[in-house]
Amino acid sequence: MSSDAPGFELPLRLLLGFRVLIDELHAELARQGHPDLRPMHGFVMQAIGQTGTTAVDLGRTLGVSKQAAGKTIESLERLGYVERTVDPQDTRRKIVRLTGRGVDALVRSAHIFEDLRSHWADQLGADRLRAMESDLRKVTPPDLFRLDTPGWFGTL
């Protein structure tokens, strides 16, 4: 690619790189027993985290409405990735927690991402990949786990 590529190509290439990684991740997750997971589910499960959260807080973290968060929670609950429990400090509140299946999916995702990164290092060269990652750190915010992407896209 020449240095005088049109400006719009950069965000598209970055998006395509993201899409390639996510598509490969989900193909491998499907092979490993998680065929129903969708890319948005990863954002949601990361936002739920190890300690759990409420639908209101989940919506706030993701930048979506409580209703949109609730629909996704219901979907993940049907698939067996999350469960709702009563908050021991306040029995009026429901806490959404990852199930063992949800934790398994996140652990597998972490390992698969390591494999994908290694594959990219083989294709591009480890030094070039490290340089690309370093350059991206220079032009992106430091908050690596900013999870409001669903809200930024407008729907969950």
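Provided above is the structure to which this section pertains.
This one's a predicted model, so the numbers in the text were calculated from it and none came from an experiment.

Student: Account for the packing of helix H1 (residues 9-31) against helix H5 (residues 100-124), naming residues and giving values.
Tutor: The relative placement of two packed helices is expressed as an angle between their axes plus a distance between the axes. Where H1 meets H5, the closest approach of the two axes is 10 Å, and the angle between their N-to-C directions is 125°. Judged by the angle between their axes, H1 and H5 are oblique. Classified by chirality, the crossing of H5 by H1 is right-handed. Between H1 and H5, the contacting residues are Gly17, Leu21, Ile22, Glu24, Leu25, Glu28 and Leu29 on the first element and Ala105, Arg108, Ser109, Ile112, Phe113, Leu116 and Trp120 on the second. Among the residues making up the contact of H1 with H5, the classes are represented as nine nonpolar, two polar and three charged.

Student: Help me get a handle on the side chain of His26, residues and values and all.
Tutor: With respect to the element layout, His26 can be found in helix H1. When neighbours within four sequence positions are excluded, His26 is seen to be in contact with Leu37, Arg38 and Pro39.

Student: Describe the packing of helix H3 (residues 55-62) against helix H4 (residues 66-78), and please don't skip the residues or the numbers.
Tutor: Between H3 and H4, the least distance of the axes is 8 Å, while the angle of their chain directions is 110°. Classed by the angle they form, the pair H3 and H4 counts as roughly perpendicular. Residue-level inspection shows Ala55, Val56, Leu58 and Gly59 of H3 in contact with H4, the latter providing Lys66, Ala69 and Ile73.

Student: Got a sec to walk through the environment of Leu25? Specific residues and values, please.
Tutor: By the element assignment, Leu25 lies in helix H1. With 52 residues separating them in the primary sequence, Leu25 and Glu77 have C-alpha atoms 21 Å apart. Those residues in contact with Leu25, other than ones at most four positions away along the chain, are Ser109, Ile112, Phe113 and Leu116.

Student: Kindly report on the environment of Glu28, identifying the contributing residues and their values.
Tutor: Mapped onto the elements, Glu28 comes out in helix H1. Of the residues examined, Glu28 reaches a relative accessible area of 24% and is grouped as partly exposed. One polar contact links Glu28 to Arg31, side chain to side chain, over a distance of 2.9 Å.

Student: Can you break down the nonpolar core residue by residue, with the values?
Tutor: Leu37, Met45, Ile48, Leu58, Leu62, Leu76 and Val82 are the most contacted members of the largest nonpolar core, which has 23 residues in total. Among the secondary structure elements, those contributing two or more residues to this core are H1, helix H2 (39-48), H3, H4, strand S2 (90-98) and H5. For this core, the element with the highest residue contribution is H2, accounting for five residues. Among residues more than four places away in sequence, those in contact with Met45 are Leu37, Leu76, Tyr81, Leu98, Gly102, Ala105 and Leu106.

Thresholds applied
- Residues numbered from 1 in each chain as written.
- Predicted model: local features only at pLDDT ≥ 70, side-chain atom pairs only at ≥ 80, totals over all residues.
- Heavy atoms only, no water.
- Axes fitted to C-alpha atoms, helices over the stretch in contact; angles between N-to-C directions.
- Helix = DSSP H or I, 4+ residues; strand = E, 2+ residues; numbered from the N terminus.
- Parallel < 35°, antiparallel > 145°, perpendicular 65-115°, else oblique.
- Left-handed = near helix turned anticlockwise from the far one by under 90°.
- Contact = heavy atoms within 4.5 Å.
- Nonpolar A, V, L, I, M, F, W, Y, C, P; charged D, E, K, R; others polar.
- Buried < 20%, exposed > 50% of the residue type's maximum accessible area, 1.4 Å probe, protein only.
- Polar contact = N/O pair within 3.5 Å; in protein donor to acceptor, adjacent residues only side chain to side chain.
- Core = buried A, V, L, I, M, F, W, Y, C linked by side-chain atoms within 4.5 Å.

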